[in-house]
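A structural walkthrough
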2 protein chains.
Amino acid sequence: MEVMEELGYKPNIIARTLANNKIQRIVALIPDPTGDLYWDQPKMGIEKALRAVQHYGIEVRIAYFDRFDPASFQQKAIQILEETSPLDAILFTPIFQQESRELLDACKEREIPNVMINTNIENSGSLCYIGQDSFQSGVLGARLLDFGLHDGETALILNLDKRITNAKHLQDKESGFRDYFSKVTNKHIHIVRKDFEEFGDRDKLRAFLQRQLAENPRLSGIFVTNSRAYKVAEALDDADLERIKIVGYDLIQPNLDLLKCNKINFIINQNPVQQGYLGIMNLFNHLIMKHEVAPLQYLPLDIVVVENVEYYLKRELEFQIVL
Amino acid sequence: MEVMEELGYKPNIIARTLANNKIQRIVALIPDPTGDLYWDQPKMGIEKALRAVQHYGIEVRIAYFDRFDPASFQQKAIQILEETSPLDAILFTPIFQQESRELLDACKEREIPNVMINTNIENSGSLCYIGQDSFQSGVLGARLLDFGLHDGETALILNLDKRITNAKHLQDKESGFRDYFSKVTNKHIHIVRKDFEEFGDRDKLRAFLQRQLAENPRLSGIFVTNSRAYKVAEALDDADLERIKIVGYDLIQPNLDLLKCNKINFIINQNPVQQGYLGIMNLFNHLIMKHEVAPLQYLPLDIVVVENVEYYLKRELEFQIVL
DNA sequence: ATTCATACTGTGTGCGTACACGGAAAAAAG
DNA sequence: CTTTTTTCCGTGTACGCACACAGTATGAAT
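A few points about the packing of aromatic side chains
Residue and element names in this part refer to chain A.
- In this structure the tally under the stated criterion is 31 aromatic pairs over all chains.
- On the numbers, 6.2 Å between centres and 80° between planes, the contact of Phe-73 with Phe-96 is edge-to-face. Of this pair, Phe-73 sits in helix H4 (residues 70–83) while Phe-96 sits in the loop between strand E3 (89–92) and helix H5 (97–110), and the two are 23 residues apart along the sequence. In terms of burial, Phe-73 and Phe-96 fall into one category: buried.
- A connected cluster of aromatic rings, assembled from ring pairs, spans Phe-177, Tyr-180, Phe-181, Phe-223 and Tyr-249.
- Directly above the ring of Tyr-249 sits Lys-173, whose terminal nitrogen or CZ lies 3.7 Å from the centroid.

Some thoughts on the relation of the copies chain B and chain A
- When chain B is brought onto chain A, the operation consists of a screw motion whose angular component is 180° and whose axial shift is 0.0 Å, with 0.1 Å RMSD remaining. A rotation of that kind, with that shift, is consistent with a two-fold axis.
- An overlap of 100% is found between the interface residues of chain B and their copies at the interface of chain A, pointing to a shared contact surface.

Some points on the protein's contact with DNA strand D
- All residues adjacent to DNA strand D are Tyr-9, Lys-10, Pro-11, Asn-12, Ala-15, Arg-16, Ala-19, Asn-20 and Lys-22 of chain A together with Leu-18, Ala-19 and Asn-21 of chain B.
- Counting only atoms of DNA strand D within 4 Å of the protein, the sugar-phosphate share comes to 83%.
- Contacts to DNA strand D include Tyr-9 of chain A, whose side-chain N or O atom sits 2.6 Å from a phosphate oxygen.
- Residue assignment for the surface near DNA strand D shows that the elements contributing at least two residues are helix H2 (13–20) of chain A together with helix H2 (13–20) of chain B.
- Counting residues per element, the surface near DNA strand D draws most heavily on H2 of chain A, at four residues.

Digging into the protein's contact with DNA strand C
- Near DNA strand C you find Leu-18, Ala-19 and Asn-21 of chain A together with Tyr-9, Lys-10, Pro-11, Asn-12, Ala-15, Arg-16, Ala-19, Asn-20 and Lys-22 of chain B, and these make up its full shell.
- Counting only atoms of DNA strand C within 4 Å of the protein, the fraction found in sugar and phosphate groups is 79%.
- Contact distances for DNA strand C include 2.7 Å between a phosphate oxygen and a backbone N or O atom of Asn-12 of chain B.
- With respect to DNA strand C, the side chain of Lys-22 of chain B contributes an N or O atom lying 3.0 Å from a phosphate oxygen.
- For the surface near DNA strand C, the secondary structure elements donating two or more residues are H2 of chain A together with H2 of chain B.
- No other element matches the four residues that H2 of chain B contributes to the surface near DNA strand C.
- Counted by class, the surface near DNA strand C contains six nonpolar, three polar and three charged residues.

Some thoughts on helix H4 (residues 70–83) of chain B
Residues and elements named next belong to chain B.
- With 14 residues, H4 extends 20 Å from end C-alpha to end C-alpha; this agrees with the ideal 20 Å at 1.5 Å per step.
- Where H4 is concerned, the buried positions are Ser-72, Phe-73, Ala-77, Ile-80 and Leu-81. The buried residues of H4 occupy an angular sector of 165° when the element is viewed end-on, so they sit on one face. Of the exposed residues in H4, the ones pointing more than 90 degrees away from its buried face are Glu-82 and Glu-83.
- Considering only its buried residues, H4 is in contact with strand E1 (24–31), strand E2 (58–65), strand E3 (89–92) and helix H5 (97–110).
- Capping the start of H4, Asp-69 holds a side-chain oxygen 3.0 Å from the backbone nitrogen of Ala-71, two or three residues further along.

Focus on the interface of chain B and chain A
- Facing 44 residues of chain B, the contacting portion of chain A comprises 44 residues.
- At the boundary of chain B and chain A, one finds two salt bridges.
- Note that Glu-307 of chain B is salt-bridged to Arg-143 of chain A, the shortest N-O span being 3.1 Å.
- Run the count over chain B and chain A and you get 11 residue pairs in polar contact (both at pLDDT 80 or more).
- Elements represented by at least two residues in the side of chain B that touches chain A include exactly H2, helix H6 (134–146), helix H12 (272–287), strand E11 (296–298), strand E12 (302–304) and helix H13 (309–318) of chain B.
- Of the residues contributing to the side of chain B that touches chain A, the split by class is 29 nonpolar, nine polar and six charged.

So, the domain arrangement of chain A
All names here are of chain A.
- Domains assigned within chain A are domain 1 (2–132 + 272–300) and domain 2 (134–269).
- Measuring from the centre of the C-alpha atoms in domain 1 to the corresponding centre in domain 2 gives 33 Å.
- With 16 residues of domain 1 in contact, the opposing surface of domain 2 contributes 19 residues.
- Each partner contributes to the roughly 1,200 Å² buried at the junction of domain 1 and domain 2, and carbon and sulfur atoms together form 55% of this total.
- It is Leu-37, Phe-68 and Gln-132 in domain 1 that bury the most area against domain 2; as a group they hold 43% of the surface buried on that side.
- Linking domain 1 with domain 2 are zero salt bridges, by the criterion used here.
- Connecting domain 1 to domain 2 are one residue pair in polar contact (both at pLDDT 80 or more).
- For the side of domain 1 that touches domain 2, the per-class residue count stands at eight nonpolar, five polar and three charged.

Comments concerning the sheet that holds E12 of chain B
Residues and elements named next belong to chain B.
- The strand order across the open sheet formed by six strands is E7-E6-E8-E9-E10-E12, and the pairing between neighbours is mixed. This sheet does not close on itself; its edge strands, each paired only once, are strand E7 (190–195) and E12. In this sheet, neighbouring strand axes are inclined to one another by 20° on average, regardless of whether the strands run parallel or antiparallel.
- Here three bridges tie strand E9 (residues 245–249) to strand E10 (residues 266–269), and the two strands are oriented parallel to one another. Within the sheet, the bridge partner assigned to Gly-248 lies in E10 and is Ile-267.
- On top of the sheet, helix H8 (residues 202–215) reaches strand E6 (154–159), E7 and strand E8 (219–224); it is set at about 155° to E7, its chief contact.

With respect to the environment of Arg-178 of chain A
Residue and element names in this part refer to chain A.
- Here Arg-178 is to be found in helix H7 (residues 167–183).
- Sequence-wise, Arg-178 and Arg-193 are 15 residues apart; in three dimensions their C-alpha atoms are separated by 10 Å.
- Once residues within four sequence positions are removed from consideration, Arg-178 is found in contact with Ile-191 and Arg-193.

Notes on the nonpolar core
- In this structure, Val-232, Leu-236 and Ile-246 of chain A together with Val-232, Leu-236 and Ile-246 of chain B are the most contacted members of the largest nonpolar core, which totals 64 residues.
- When near neighbours in sequence (up to four residues on either side) are disregarded, Leu-236 of chain B contacts Arg-206, Leu-209, Leu-213, Ile-222, Leu-241, Ile-244 and Ile-246 of chain B.
- Listed in part, the 61 residues of the second largest apolar core include Ile-30 and Leu-299 of chain A together with Val-60 and Phe-284 of chain B.

The rules we used
Residues numbered from 1 in each chain as written. Chains lettered and ligands numbered in written order. Predicted model: local features only at pLDDT ≥ 70, side-chain atom pairs only at ≥ 80, totals over all residues. Heavy atoms only, no water. Phe/Tyr/Trp six-rings, centres within 6.5 Å; stacked < 30°, edge-to-face > 60°. Helix = DSSP H or I, 4+ residues; strand = E, 2+ residues; numbered from the N terminus. Buried < 20%, exposed > 50% of the residue type's maximum accessible area, 1.4 Å probe, protein only. Lys NZ or Arg CZ within 6 Å of the ring centre and 35° of its normal. Least-squares fit on C-alpha atoms with pLDDT ≥ 70 in both. Contact = heavy atoms within 4.5 Å. Near = heavy atom within 4 Å. Polar contact = N/O pair within 3.5 Å; in protein donor to acceptor, adjacent residues only side chain to side chain. Nonpolar A, V, L, I, M, F, W, Y, C, P; charged D, E, K, R; others polar. Expected span 1.5 Å × (residues − 1). Arc of directions from axis to C-beta. Salt bridge = Lys/Arg side-chain N within 4 Å of Asp/Glu carboxyl O. Domains from an automatic or database assignment. Buried area = accessible area lost by both parts, 1.4 Å probe. Pairing = 2+ DSSP bridges. Axes fitted to C-alpha atoms, helices over the stretch in contact; angles between N-to-C directions. Core = buried A, V, L, I, M, F, W, Y, C linked by side-chain atoms within 4.5 Å.

Here it is in structure tokens:
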């Protein structure tokens, strides 16, 4: 070892990989992207990463669960643990707290390294978390909405989701949002927070929004906490839209269309493709390269407007480094 | 070949690299980062990429030229071409048109693949260009400045650089900037463009800016076309700064400090680290992987404000995928 | 001192590809 | 038809490392 140090010997990863001649099996457990434009993106990132590292003997299987059904997550998790052998690593999205903790415990017991993307669980014993900082994401949302708000006006934090999902996540976003405005001294903004589950029904959403407008006559900004900002813009009248600024998340097609005609003002990009990509790459770094992996990896919160949207779309599609 | 296709045979890059047992020598020619905070970043990206691909037998040497002296570029270029043998590829920043064309011609004659970063030269015969879209960058700058401007006010396009550098680049930025405001219908903004070479002398810059303020009493936005926005913010009085919005480029320390205390309003990040990184990675893809390389690769124009700056800094420092 | 278990060391082979080389076959020239 | 040139093909070796195995040395136990 001393002589190695002295001569500056570094093992040749290429030769090591060739000689190793083993396959490392990774299973990814993510929400079913069917009918959900957002979850298609981490999937693309995972597939892109696979192309980059498959020569190193990495094999990835993607399993899906119903994003509204904790039982389906649980069932798939058990199936993966029991039926995959050998199982060298797991990548998953812990959007259900309870069920995810069970999976984490099972991983710890079996000593299976695991990576979480998109949603974080504290003290998980995971190899790493890759995704956004929810609190800061709320702060940024507030800042962007603030551009269009005047003194005394009202901002609405709108959560279009089923109640079971991502409670902590949402709580942090709201805290960040309120934190920003509590520090703005030159104007006072009234903040309202509402949840609405029946976002699939446009008429009901429309009625709901009209009710909010009636209750808050000076409502002029809506912060939509997930990728469904387009549903809000579609459900509002054009006259109201002129006045009301909308900030939402994620570069999915309906959002992009509305961004381009100025009905959505800002989109925050949380790099979902990158999440999937880096998730696999971090496992690769751990399994093959034996590198240390940073346990908390917050991705940038990109501010997307009409003028720079094209570049983000291109990057998501083409720009991964294919090795 | 038919059977290979039928069986889905793909050569194993790992084994190929091992068997090849050759070194590919790349030389990078970039501006000397000494005393220039910006050019340190592509250098970091190049070094990061080197760490990722050195096992594949890639060797990178970085050569520097004086960013204000075309002759030094020319001299270094000749030196590289004559003294490096074998020379398998060149990466460079063509900030001097004439001298860069000479280098491009020499590369074509010797059949040396080359990559340009940061500044583009059209019809260069290069493998690829990686950097920003100058025109769109100006459009985005205008959009960001527009947030703080009112009807009838004046915006200043300020070029703090020597006259010889990057003429085309700057022209495109200005065109983009003007293009945006020509399409804004609800307010009229008066646009002035000025160059100032003696930006190193704070007192002279201060006097120059005072002159601009006197000539344009309603001046309330400055678009600094390069990374020297901090020099403007430092040279202005606090009273003026309250009113005047500043949009600049690049995440260098003095800009960051002024962004954090709201003296600079927006910074556009043109991903300089990524430019160096991808420059090398694209040569790697070409030399080792024998992949097709996209000839025009525009990097995203990130909008950076106080609320999301931390993530970009982290990404620049840690986030490259180390293989 | 002998036996046995354990630790250490060196050799050989394989991972999938590149490349040099010699011999055979095919094509071109005489 | 023979000779020369060119093309083609198969074999062998090498790339740097992992790992199995045999052989040797070391130490503990009898």
